[in-house]
2 protein chains.
Amino acid sequence: MNLDTKYWYLRDHKLFSVLSSSELKSICMISNFKSAKKGEIILFSHDENTRVYFLKKGTLKIVEIDDKGNEIVKDVLQKGDIFGEFTLTESQSDEYAVAVSDSVICCSFKMDDFEKLLEKNPQLSLSYTKWMGFRFKRLQNKYANLMFKDVRTRFKSFLEEWASKEGMANSDEIILKNYLTHQDIASLICSTRQTVTQLFNELKEQGILDYSRTEIILKKVA
Amino acid sequence: MNLDTKYWYLRDHKLFSVLSSSELKSICMISNFKSAKKGEIILFSHDENTRVYFLKKGTLKIVEIDDKGNEIVKDVLQKGDIFGEFTLTESQSDEYAVAVSDSVICCSFKMDDFEKLLEKNPQLSLSYTKWMGFRFKRLQNKYANLMFKDVRTRFKSFLEEWASKEGMANSDEIILKNYLTHQDIASLICSTRQTVTQLFNELKEQGILDYSRTEIILKKVA
């Protein structure tokens with residue numbers, strides 16, 4: 001990828017908007033870009049080249065394999081999200097990312113380089129800290145949902161959050177591109193595939209939503 | 001509290017160890033100290049004076065009242081921990097802190113002042129970001145425990161974590177000061193008081209632990 005394209009992608013990211021154009025140009029030199037097609041895996045390396053990734057385009061799911069060999073979806077990330085070792089800690093998790101939309105582009109920095117960048121740019125550092133604060137709050141909410149809400153409420157909250165992030169709203173409905181399997185949704189809300197399928201069917205019968213292989217349609221109830 | 005004492009308390013905190021003594025002295029001027037006795041409440045204000053708190057001495061629990069009026073313990077914090085709006089986001093949560101040890105001392109900054117401090121001190125800012133990364137990982141672990149582990153395993157993990165943070169180890173046992181009620185522990189591991197009491201009794205019968213009103217004694221099994 002040439003420097004102009006890199007520059008354009010980085011400029012476009014909220015976090016980097018605090019940087020001057022010359023600062024941006026200099027970080028283009030140390031960033032690395034990667035593209036992936038639907039189903040392709042982005043592995044997080046755990047050697048000295050631990051990286052911080054910025055999702056520039058598309059949708060990813062963060063996956064871990066459990067003791068029994070099952071794929072557990074831990075998070076779904078959209079354009080603008082940061083992943084990999086974004087906590088700037090070196091850990092030995094067995095997470096990796098899988099592209100779920102047709103074309104995914106992400107940019108990455110070696111963790112060491114990214115730390116130097118933060119140290120040099122106090123403004124960037126503060127935005128990064130605040131951004132991490134938002135992620136922390138999001139996880140806190142997920143945790144509170146899991147502790148205090150039943151599976152039906154968790155399912156509805158999940159759909160609402162998804163719709164607010166990615167839904168296309170018409171006058172009387174919100175349309176979601178349906179790229180997650182029932183199993184994916186089950187692991188995101190800590191339930192089983194069977195329960196998720198049952199909840200989809202129940203809400204369909206009640207006229208609250210409709211769904212097909214490609215779309216989920218949430219009805220706005222008057 | 002006089003400036004020398006403030007200085008001593010701040011110097012003692014890991015996060016501030018990256019600052020020079022003159023930088024430390026200048027932040028003493030903008031910090032506020034508060035002490036509390038067992039049972040006293042530290043409220044987080046939600047006006048323009050939102051604050052970031054550093055726990056300097058003692059133990060606190062972070063509490064929220066649920067819809068039914070029950071007190072839910074969300075976290076237990078020890079010396080060195082940071083709380084309040086440490087995510088640097090203004091939120092409308094209904095959390096507050098309760099002192100659970102005899103004497104608690106914490107230091108606080110107005111959020112705005114603390115942000116300026118981070119902007120001026122890139123080193124401090126990077127340590128703060130990393131520190132937040134560790135907190136994020138800790139919450140991620142709690143979430144994974146809740147999703148993938150049964151209540152018995154969560155109870156044991158909780159005791160192990162507690163022991164590693166605060167236990168006094170003898171040759172064949174680890175002693176914990178027992179300042180949490182069974183209800184507190186229940187809300188921390190997302191269970192009920194009844195189950196926690198039952199688990200305590202079971203593990204006591206199995207010779208894995210012993211407990212009284214004041215202590216929990218974990219036996220090191222050979």
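The name an unreviewed UniProt entry gives chain A is CRP/FNR family transcriptional regulator, with Runella defluvii as the organism.

Some thoughts on helix α1 (residues 3-11) of chain A
Residues and elements named next belong to chain A. Of the residues making up α1, those classed as buried are K6, Y7, Y9 and L10. Relative to the axis of α1, the buried residues are bounded by an arc of 165° and lie together on one face. For α1, the exposed residues set more than 90 degrees away from the buried face come down to D4, W8 and R11. Contacts from the buried residues of α1 go to α2 (21-30), β1 (32-37), β3 (51-57) and β8 (103-110).

Some remarks on the confidence of the model for chain A
Per-residue pLDDT for chain A has a mean of 87; in total, 97% of the residues score no lower than 70. The ipTM, which scores confidence in the relative placement of chains, is 0.82 for this predicted complex, and the corresponding pTM is 0.84.

A word on the sheet that holds strand β12 (residues 215-219) of chain A
Residues and elements named next belong to chain A. Taking strand neighbours across the sheet as the criterion, the 4 strands line up as β9-β10-β12-β11 in an open arrangement whose pairing is antiparallel. One side of each edge strand has no neighbouring strand; the edge strands of this open sheet are β9 (168-169) and β11 (209-211). One ladder, built from 2 bridges, connects β9 with strand β10 (residues 173-177); its direction is antiparallel. Opposite A169, over in β10, you have I174 as the bridge partner.

Focus: the environment of A:Q183
Among the secondary structure elements, A:Q183 is positioned in helix α6 (residues 182-188). Each C-alpha atom, one on A:Q183 and one on A:F114, is 35 Å from the other, the two residues being 69 residues apart in sequence.

Digging into the sheet that holds strand β5 (residues 71-78) of chain A
All names here are of chain A. The strand order β2-β7-β4-β5 describes an open sheet built from 4 strands, whose pairing is antiparallel. With one partner strand each, in any of the chains shown, β2 (41-43) and β5 form the two edges of the open sheet. Averaged over all neighbouring strand pairs, the angle between strand axes comes to 30°, with direction disregarded.

Some points on the pairing of β5(A)
In terms of burial, β5(A) is a largely internal element, 6 of the 8 residues being buried. Connecting strand β4 (residues 59-65) of chain A to the next strand, β5(A), in antiparallel fashion are 5 residues, including A:G69 with a positive phi near 85°.

A short note on the domain arrangement of chain A
All names here are of chain A. Segmenting chain A into domains produces domain 1 (3-144) and domain 2 (150-219). Its C-alpha centre places domain 1 at a distance of 27 Å from the equivalent point of domain 2. Between domain 1 and domain 2, the residue contacts involve 11 residues of the former and 8 residues of the latter. Three residues, V73, V76 and Q78, lead the burial of domain 1 against domain 2; their summed loss comes to 49% of the area buried on that side. Scanning the region where domain 1 abuts domain 2 turns up 1 salt bridge. Linking domain 1 to domain 2 there are 5 residue pairs in polar contact (both at pLDDT 80 or more). Per element, the largest residue contribution to the side of domain 1 that touches domain 2 is 7 residues, and it comes from β5. Split into classes, the residues belonging to the side of domain 1 that touches domain 2 amount to 4 nonpolar, 2 polar and 5 charged.

Description of the interface of chain A and chain B
Each side of the interface is counted separately: chain A has 34 residues, and chain B has 34 residues. Across the chain A-chain B interface, the total number found is 4 salt bridges. Ionic pairing is found between A:E115 and B:K130, a salt bridge with its closest N-O pair at 3.2 Å. Summed over the shared surface of chain A and chain B, the number is 8 residue pairs in polar contact (both at pLDDT 80 or more). Secondary-structure elements contributing two or more residues to the side of chain A that touches chain B are α3 (111-120), α4 (122-148) and α6 of chain A. When residues of the side of chain A that touches chain B are assigned to their parent elements, the largest contribution, 20 residues, is made by α4(A). Looking at the side of chain A that touches chain B residue by residue, the class counts come to 17 nonpolar, 9 polar and 8 charged.

Let's talk about the nonpolar core
Counting residues in hydrophobic clusters, the biggest one holds 64 residues, and the most contacted among them are A:Y128 and B:Y128. In this structure A:Y128 touches A:L15, A:V52, A:I82, A:F86, A:L88, A:F114, A:L118 and B:T129, once residues within four positions along its chain are discounted.

What about the packing of aromatic side chains?
Here the structure, examined in full by the defined rule, presents 29 aromatic pairs over all chains. On the basis of an interplanar angle of 25° and a centroid distance of 6.0 Å, the ring pair of A:Y128 and A:W131 is categorised as stacked. Taken together, the positions of A:Y128 and A:W131, both in helix α4 and 3 residues apart, correspond to about one turn of that helix. Judged by centre distance (5.1 Å) and plane angle (85°), the ring pair of B:F155 and B:F200 falls under edge-to-face. Residue B:F155 is located in helix α5 (residues 151-166), and its partner B:F200 is located in helix α7 (residues 193-205); the two are separated by 45 residues in the primary sequence.

What about the pairing of strand β4 (residues 60-65) of chain B?
Taken residue by residue, a regular strand's side chains alternate between the two faces of the sheet. All names here are of chain B. In terms of strand pairing, β4 meets strand β5 (residues 71-77) through 6 bridges, oriented antiparallel. Across the sheet, residue E64 finds its bridge partner in β5, namely I72. Taking the residues between adjacent antiparallel strands as the criterion, β4 and β5 are bridged by 5 residues, where G69 takes a positive phi near 90°. Strand direction decides the pairing type here: β4 and strand β7 (residues 95-99), joined by 5 bridges, are antiparallel. Residue pairing in the sheet places K61 in a bridge with V98 of β7.

Thresholds applied
Residues numbered from 1 in each chain as written. Chains lettered and ligands numbered in written order. Predicted model: local features only at pLDDT ≥ 70, side-chain atom pairs only at ≥ 80, totals over all residues. Heavy atoms only, no water. Buried < 20%, exposed > 50% of the residue type's maximum accessible area, 1.4 Å probe, protein only. Helix = DSSP H or I, 4+ residues; strand = E, 2+ residues; numbered from the N terminus. Arc of directions from axis to C-beta. Contact = heavy atoms within 4.5 Å. pLDDT = per-residue confidence, 0-100. Pairing = 2+ DSSP bridges. Axes fitted to C-alpha atoms, helices over the stretch in contact; angles between N-to-C directions. Domains from an automatic or database assignment. Buried area = accessible area lost by both parts, 1.4 Å probe. Salt bridge = Lys/Arg side-chain N within 4 Å of Asp/Glu carboxyl O. Polar contact = N/O pair within 3.5 Å; in protein donor to acceptor, adjacent residues only side chain to side chain. Nonpolar A, V, L, I, M, F, W, Y, C, P; charged D, E, K, R; others polar. Core = buried A, V, L, I, M, F, W, Y, C linked by side-chain atoms within 4.5 Å. Phe/Tyr/Trp six-rings, centres within 6.5 Å; stacked < 30°, edge-to-face > 60°.

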